[in-house]
Amino acid sequence: MAVEQQARGATNGATGAGRRRSRRDEILEIAVGLFAARGYHGVSMDDIGAAAGVTGPALYHHFAGKEAMLVAALIPVSEGLLEGGRKRAANHPDDPRGTLESLIDFHVDFALANPAVIALHLHELDRLPDEPRRRIRRLQRLYVEEWVTVLTALHPGLPDGEARVLAHAAFGLMNSTPFLGGEVDRRRRAELLRGATLAALLAPTDPA
């Protein structure tokens, strides 16, 4: 299944999935799918308007341009990941294994619901102006630190730097969803991603 097709519902998951979607949300979802499938420079505002079934003036009523759409797609996701990660850590005080499993469940659910947004983060983040890009990078670093905290609790003596290596390796596993086809159903993909990530992060970390 193409990322553009997977993007239906792509801006849900870490960003308030239960909220009723507005027309602005629908246009943003379409834009995210197009950006992920064709690249930021491969999509014009006319392309987005045609796909959304709206005219130019109506489109600009919601967004000043493509850059504004990219910001609107990426910042709430980074905020939602950090908020969700902190909530899951708070739900498992003094239980690092339970925290890790909850964080993995949370991130896998996000990754399966948002393959197009992940593709944007991977390929288009540097197209943002300095201020929103720095804001997103800071939110990402804070989210990583939630994982570092639980990994150092699980592996006594593990340096923070090495815990960050493990966290980013785990994100590489879980954020592979833009590259997964549809031959395996969603439930099984979730099981495989959860199992592989948990096994990787629970493996012994002593130097060889």
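Residues numbered from 1 in each chain as written. Predicted model: local features only at pLDDT ≥ 70, side-chain atom pairs only at ≥ 80, totals over all residues. Heavy atoms only, no water.

Q: Just to check I follow, could you spell out the nonpolar core for this structure?
A: Side chains of nonpolar character tend, in soluble globular proteins, to be buried together. Core analysis: the biggest nonpolar cluster contains 56 residues, and Phe 35, Ile 48, Met 69 and Trp 147 have the highest contact counts within it. For this core, the elements supplying multiple residues, two or more each, are helix 2 (23–38), helix 3 (45–52), helix 5 (66–90), helix 6 (96–113), helix 7 (115–124), helix 8 (130–154), helix 9 (160–174) and helix 10 (186–202). Top element by residues in this core is helix 5. It accounts for nine residues. Not counting residues within four places of it along the chain, the set of residues in contact with Trp 147 comprises Leu 100, Leu 103, Ile 104, His 107, Ala 167, Phe 171, Met 174 and Leu 201. (Core = buried A, V, L, I, M, F, W, Y, C linked by side-chain atoms within 4.5 Å. Buried < 20%, exposed > 50% of the residue type's maximum accessible area, 1.4 Å probe, protein only. Helix = DSSP H or I, 4+ residues; strand = E, 2+ residues; numbered from the N terminus. Contact = heavy atoms within 4.5 Å.)

Q: What am I meant to see in the packing of aromatic side chains here?
A: When we look at a pair of aromatic rings, we describe it by the centre distance and by the angle of the planes. Applying the stated criterion across every chain yields a total of four aromatic pairs. On the numbers, 5.7 Å between centres and 10° between planes, the contact of Tyr 143 with Phe 171 is stacked. Separated by 28 residues along the polypeptide, Tyr 143 in helix 8 and Phe 171 in helix 9 bring together distant segments of the chain. A single burial state applies to Tyr 143 and to Phe 171, both of which are buried. When the centroid spacing of 5.3 Å and the interplanar angle of 80° are considered together, the rings of Trp 147 and Phe 171 count as edge-to-face. Within this pair, whereas Trp 147 is found in helix 8, its partner Phe 171 is found in helix 9, the two being separated by 24 residues in sequence. Residue classification places Trp 147 among the buried positions, given a relative accessible area of 0%. By relative accessible area, which is 9% here, Phe 171 ends up buried. One aromatic cluster is present, formed by Tyr 143, Trp 147 and Phe 171 through successive ring pairs. The positively charged end of Lys 66 is found above the aromatic ring belonging to Tyr 40, 4.3 Å away from the centroid. (Phe/Tyr/Trp six-rings, centres within 6.5 Å; stacked < 30°, edge-to-face > 60°. Lys NZ or Arg CZ within 6 Å of the ring centre and 35° of its normal.)

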